[in-house]
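Chain by chain, the residues:
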Amino acid sequence: MNFYKDHYDVIVVGGALAGLSAALQLADKGKDVLVLERHNLPGGVATSFVRGGIEIEAALHEMMYIGAKDNRQKVGVFFDQLGIDIDWLRVPEAYHASLPGLEVTLHPGMEQFSREVDAAVPGTYEKVKRLMDLCATVYDSVNELSIHPMSKPQMLLKHAAFVKTAGYSTKEVLDTFDLPQKALDLIAPYWIYVGSGFSDLPFTIYAVLMGEYIGNGSYIPRKFSHEMSLKMAEKAEEMGVQIEYRQHVDKILVKDGQACGVRTARGDEISADYVICSAYPNKVYTSMIEPAEAVPAGAIKMVNGRRISLTAFSVILILDKPAEELNIKDYSIFRGTTMDTDKIYDELKGLGPYSYLTCICHNYGNPDATPEGTCSFSITVLPRVDGWKTVTADEYDRVKHQVAKQLIDDMSAYFGVNLLDHVLEIVIETPMTVAHYTGMWNGCIYGYAHTMEDHIVARLQTEEEEKFIGHLEFSGAHQISGDGMGPAVVNGRKAAKNVLDTMAKEAQ
Ligand SMILES: Cc1cc2nc3c(=O)[nH]c(=O)nc-3n(C[C@H](O)[C@H](O)[C@H](O)COP(=O)(O)OP(=O)(O)OC[C@H]3O[C@@H](n4cnc5c(N)ncnc54)[C@H](O)[C@@H]3O)c2cc1C
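Considerations on the layout of surface pockets
Empty space left among the atoms is revealed by rolling a probe the size of a water molecule over them. For the second largest pocket, the calculated volume is near 250 Å³. What lines the second largest pocket is a set of 13 residues, and nearest its centre among them are Gln-181, Leu-184, Phe-198, Met-339 and Thr-341. The residue inventory of the lining of the second largest pocket, partitioned by class, reads 5 nonpolar, 3 polar and 5 charged. Here the lining of the second largest pocket spans two domains, and each of domain 2 (108-216) and domain 3 (310-438) adds at least three residues to it.

Some points on the environment of Trp-441
Tracing the backbone through its elements, the reader meets Trp-441 in the loop between α16 (431-438) and α17 (456-462). Accessibility expressed as a relative area gives 27% for Trp-441, which makes it partly exposed. For Trp-441, the residues in contact, after removing those within four places along its chain, are Tyr-280, Asn-282, Lys-283, Thr-286 and Ile-308.

Here we look at the site of the ligand
For the ligand, the set of nearby residues contains 32 residues, the closest of which are Glu-37, His-61, Glu-62, Met-440 and Met-485. The contact in question runs from an oxygen atom of the ligand to an N or O atom on the backbone of Ala-18, over 2.9 Å. In the model, a nitrogen atom of the ligand is placed 2.9 Å from a nitrogen or oxygen of the Val-249 main chain. Expressed as a share of its isolated accessible area of 1,000 Å², the protein-covered part of the ligand is 95%. Only α1 (17-28), α16 and α18 (485-507) provide two or more residues apiece to the shell around the ligand. In terms of residue count, α16 provides more of the shell around the ligand than any other element does, 3 residues in total. Across the shell around the ligand, the residue classes tally to 18 nonpolar, 10 polar and 4 charged. Taken together, domain 1 (7-87 + 223-306 + 449-507) and domain 3 (310-438) each give at least three residues to the shell around the ligand, which thus spans both.

A closer look at the pattern of salt bridges
Under the definition given, this model contains 23 salt bridges. The partner of Glu-269 in a salt bridge is Arg-263, with the nearest N and O atoms 3.1 Å apart. What makes Glu-269 exposed here is its relative accessible area of 53%. For the salt bridge of Glu-290 with Arg-263, the shortest nitrogen-to-oxygen distance reads 2.5 Å. Pair noted here: Glu-290 is in strand β13 (residues 289-290) and Arg-263 is in strand β11 (residues 258-264), with a separation of 27 residues, a long-range link. Overall, Glu-290 belongs to the partly exposed group, its relative accessible area being 28%. Several salt bridges converge on common partners, so that one network encompasses Arg-306, Asp-454, Arg-459 and Glu-466.

A few points about unusual backbone geometry
The omega torsion across Glu-290 and Pro-291 is 0°, close enough to zero to call that bond cis. Tracing the backbone shows Pro-291 in the loop between β13 and α12 (297-305). Cis peptide bonds are those with omega within 30 degrees of zero, and the linkage from Gly-352 to Pro-353 qualifies with 0°. Within the secondary structure layout, Pro-353 lies in the loop between α13 (341-347) and β16 (357-360). Its identity as a non-glycine residue notwithstanding, Asp-178 has a phi of 50°, on the positive side. Residue classification places Asp-178 among the exposed positions, given a relative accessible area of 57%. The backbone of Asp-256 sits at a positive phi, close to 50°, despite the residue not being glycine. Relative to the assigned elements, Asp-256 resides in the loop between β10 (249-255) and β11.

Examining empty space enclosed by the protein
Evaluation of the coordinates by the stated rule reveals 3 cavities of 30 Å³ or more. One number sums up the size of the largest cavity: a volume of about 330 Å³. Every residue lining the largest cavity is counted, 20 residues in all, and those nearest its centre are Glu-463, Glu-466, Phe-474, Gln-479 and Ile-480. Secondary-structure elements contributing two or more residues to the lining of the largest cavity are α11 (281-288), β19 (472-474) and α18. By residue number, the principal contributor to the lining of the largest cavity is α18, which donates 4 residues. Broken down by class, the residue content of the lining of the largest cavity amounts to 9 nonpolar, 4 polar and 7 charged. In this structure, the second largest cavity encloses a volume near 40 Å³.

Considerations on the packing of aromatic side chains
Tallying each qualifying case throughout the model produces 21 aromatic pairs. Each ring, one from Tyr-95 and one from Phe-334, has its centre 5.4 Å from the other, and the planes form 90°; the classification is edge-to-face. Residue Tyr-95 is found in strand β6 (residues 95-99), and its partner Phe-334 is found in strand β15 (residues 332-335); the two are separated by 239 residues along the sequence. The residues Tyr-95 and Phe-334 share a single accessibility class, namely buried. Taken together, the ring pairs connect Tyr-95, Phe-113, Tyr-190, Trp-191, Tyr-193, Tyr-213, Phe-334 and Tyr-356 into an aromatic cluster. Its end group placed over the ring of Tyr-125, Arg-115 keeps NZ or CZ at 3.9 Å from the ring centre. Here Arg-306 stacks its cationic end above the ring of Tyr-448, 5.7 Å away from the centre of that ring.

Focus: the domain arrangement of the chain
Taken domain by domain, the chain consists of domain 1 (7-87 + 223-306 + 449-507), domain 2 (108-216) and domain 3 (310-438). One C-alpha centre belongs to domain 1, the other to domain 3, and the line joining them spans 28 Å. Summed over both sides, the interface between domain 1 and domain 3 buries roughly 1,500 Å², with carbon and sulfur atoms accounting for 61% of that surface. On inspection of domain 1 and its partner domain 3, the count reaches 0 salt bridges. Summed over the shared surface of domain 1 and domain 3, the number is 6 residue pairs in polar contact (both at pLDDT 80 or more). Residue assignment for the side of domain 1 that touches domain 3 shows that the elements contributing at least two residues are β3 (48-51) and β4 (54-57). At 4 residues, the largest contribution of residues to the side of domain 1 that touches domain 3 is made by β4. Tallied by class, the residues present in the side of domain 1 that touches domain 3 amount to 8 nonpolar, 5 polar and 5 charged.

Analysis parameters
- Residues numbered from 1 in each chain as written.
- Predicted model: local features only at pLDDT ≥ 70, side-chain atom pairs only at ≥ 80, totals over all residues.
- Heavy atoms only, no water.
- 1 Å grid on protein atoms, 1.4 Å probe; cavity = no way out; pocket = protein on both sides within 12 Å on 5 of 7 lines; lining within 4 Å.
- Points joined across faces, edges and corners; volume = space filled by probe spheres on them.
- Nonpolar A, V, L, I, M, F, W, Y, C, P; charged D, E, K, R; others polar.
- Domains from an automatic or database assignment.
- Helix = DSSP H or I, 4+ residues; strand = E, 2+ residues; numbered from the N terminus.
- Buried < 20%, exposed > 50% of the residue type's maximum accessible area, 1.4 Å probe, protein only.
- Contact = heavy atoms within 4.5 Å.
- Near = heavy atom within 4 Å.
- Polar contact = N/O pair within 3.5 Å; in protein donor to acceptor, adjacent residues only side chain to side chain.
- Areas by Shrake-Rupley, 256 points an atom, 1.4 Å probe, with all protein chains shown as cover.
- Salt bridge = Lys/Arg side-chain N within 4 Å of Asp/Glu carboxyl O.
- Phe/Tyr/Trp six-rings, centres within 6.5 Å; stacked < 30°, edge-to-face > 60°.
- Lys NZ or Arg CZ within 6 Å of the ring centre and 35° of its normal.
- Buried area = accessible area lost by both parts, 1.4 Å probe.

Have a look at this one:
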């Protein structure tokens, strides 16, 4: 049975956050859209699963760009405007930083955050507040410039702080504040969410991170990230989008330099004016374009020239006692033996032991996350893909259990409680799990690394040159807004906007 129409305006490959956002945006403008998702449910890693009768969040620690009900940020606004009613819970704290000689819990809100750093490292309030204000200003500029690009002279007038700091690394800008090391350690932990050490991380990216997470706080859906994926898919279908599950797209068909449809693994050829693809450009340009000769050499150079960013290794535990009884006191813990981000980045190229861990106890953000008397606690490291690419099938099981054991032992020692004595359920997600489940290139969840040589400002300038095949757009962590669930929504909308702009231009 063929359940497809003869032709669509747009085919979206991948029904996760980025793909669904693109579909929603296009349907909102009356376009005829088909979403093809290889799994039997939407969301990609924004999902949950059940073990021993308990629903478990697969990925989400905290989400950016939502904002409070009376101060919605761009993704929150998008959902509200489309009537996608998600029960958002505000994450109660920014994080607890646990470093040698430092045990400090910090909260969102620039003023409160600066006061709390000052309480831990007296005499730093003025400098930290000035730094946070700079982050907020740069963040506002990035938000405005991403919607209203302007000439350089205009930018100099209106966005001086952005222009002044844009060419500098986070380390270079932080150095100008002359903060004591302990204060620097306290304001650093979120760096891992963007995956480059401070010497190589453009300050603009750090400013966006702090502007959003500290300025506006972060959120989680009450019924896990699956609530968001499911409601987006339901709304898309309500708006006329056709979503077909269990349909793996093998090939993107190209004619006269333009995408014109796809072929699925079961052999259906489906025609469309445009294709939006969630798979990494690395995968698309090396094995998905038909005919292969339609891939220009520049496309291969581009993907080879980019550095693939971080992947994820996560141990998720469901424990048999409430969190307080196990000495777990915070929603989010960043724990390390050092906060030297460059050093940690170097360590992440291997297979452990890993010293920088990020832990989440969902019950502190969502008291109903697990049945009464139990709690959920996850320990995550975000390694580079390099080490994990070398693991053979024979070694996989041993390496997986060795790394998981190290993470559990480290956190057990920290809490003074052997977590293994309290396990009801244990799930280990590795880079291989991510790669198999979503098809992400090398299991990378972060797209292309933000570096001083290849950063968002430069990428914006080469964006047009990097459209190697007409009528083909990409959406996902590998695109301009980068990694994470909030950015995935922004990237999906951007891909849809590019399609709508091209449609309008070609109609003239
Ligand atoms: C352990 C872990 C923790 C994380 N924590 C956070 C967090 O706290 N906050 C945050 O914001 N982000 C977090 N992330 C990252 C975030 O989940 C992702 O960046 C985001 O969900 C990516 O969404 P996406 O739509 O780009 O792609 P994906 O979720 O990768 O989805 C791609 C989709 O495309 C489908 N697909 C791929 N190829 C094909 C094909 N050929 N045919 C058909 N379908 C195809 C896949 O099945 C999948 O559904 C985490 C990720 C992991 C793994």
